[in-house]
Amino acid sequence: MKYKQIKEMTDQELENQLGELRREKLNLAIQSRTGQLEKTARVREVRRTIAQILTEKAVRANEVK
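What counts and what doesn't
- Residues numbered from 1 in each chain as written.
- Predicted model: local features only at pLDDT ≥ 70, side-chain atom pairs only at ≥ 80, totals over all residues.
- Heavy atoms only, no water.
- Helix = DSSP H or I, 4+ residues; strand = E, 2+ residues; numbered from the N terminus.
- Buried < 20%, exposed > 50% of the residue type's maximum accessible area, 1.4 Å probe, protein only.
- Contact = heavy atoms within 4.5 Å.
- Axes fitted to C-alpha atoms, helices over the stretch in contact; angles between N-to-C directions.
- Parallel < 35°, antiparallel > 145°, perpendicular 65-115°, else oblique.
- Left-handed = near helix turned anticlockwise from the far one by under 90°.
- Nonpolar A, V, L, I, M, F, W, Y, C, P; charged D, E, K, R; others polar.
- pLDDT = per-residue confidence, 0-100.
- Expected span 1.5 Å × (residues − 1).
- Salt bridge = Lys/Arg side-chain N within 4 Å of Asp/Glu carboxyl O.

Student: Before we move on, can you summarise the side chain of Thr49 with the specific residues and values?
Tutor: Residue position: Thr49 is located in helix H3 (residues 41–64). Classification of Thr49 as buried rests on a relative accessible area of 8%. Once residues lying within four places of it in the same chain are set aside, the contact partners of Thr49 are Met1, Ile6 and Leu21.

In structure tokens:
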């Protein structure tokens, strides 16, 4: 997901996306440990997207103050 797309999301959409990505990250970790993971690069993508969402949430929180 591009950062531009993240910036266009509402706060509620960010929360929903964050929850989905955290669940996916957990599933990917389980797949990795059991040897079922096919796309290893997806772990990195999910981790980065989570970080981008958290960064955008922090930026928005600082703008409000």
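Student: Help me get a handle on the packing of helix H2 (residues 11–34) against H3, residues and values and all.
Tutor: In contact at an axis separation of 10 Å, H2 and H3 are set at 150 degrees when each is read in the N-to-C sense. Classified by the angle between their axes, H2 and H3 sit roughly antiparallel to one another. Of the two possible hands of crossing, H2 and H3 adopt the one that is left-handed. Each of Asp11, Leu14, Glu15, Gln17, Leu18, Leu21, Arg22, Glu24, Lys25 and Leu28 in H2 lies in contact with H3, whose residues at this interface are Arg42, Val43, Val46, Arg47, Thr49, Ile50, Ile53, Leu54, Glu56, Lys57 and Arg60. Of the residues assigned to the contact of H2 with H3, the class counts are nine nonpolar, two polar and 10 charged.

Student: Outline the confidence of the model for the protein chain, supporting the account with residue identities and numerical values.
Tutor: Mean pLDDT over the protein chain: 95, with 98% of residues reaching 70 or higher. Of all the helices and strands in the protein chain, helix H1 (residues 3–8) carries the lowest mean pLDDT, 94, while H2 carries the highest, 97.

Student: Outline H2, listing residues and values.
Tutor: An α-helical turn contains 3.6 residues, so a residue and the one three or four places further along point in the same direction. Here H2 is 24 residues long and its end C-alpha atoms lie 35 Å apart, about the 34 Å a rise of 1.5 Å per residue gives. When we look at burial in H2, the residues that qualify are Leu14, Gln17, Leu18, Leu21 and Leu28. In this fold, the buried residues of H2 make contact with H1 and H3. Gly35 sits one or two residues past H2 and shows a positive phi near 80 degrees.

Student: Lay out the side chain of Gln17 with the relevant residues and their values.
Tutor: Structurally, Gln17 is set in helix H2. Residue Gln17 is classed as buried on the basis of its relative accessible area, which comes to 18%.

Student: How would you explain the pattern of salt bridges if you had to name every residue and give the values?
Tutor: Opposite charge on two side chains permits pairing when their charged atoms draw close. Tallied over the full model, the rule gives five salt bridges. For the salt bridge of Glu15 with Lys57, the shortest nitrogen-to-oxygen distance reads 2.2 Å. One end of the pair, Glu15, is in helix H2; the other, Lys57, is in helix H3, and 42 residues separate them in sequence. Linking Arg42 and Glu45 is a salt bridge whose minimum nitrogen-to-oxygen distance equals 3.1 Å. Here Arg42 and its partner Glu45 are both found in helix H3, three residues apart, which amounts to about one turn of the helix. Exposure remark for Arg42: the relative accessible area of 30% places this residue in the partly exposed category.

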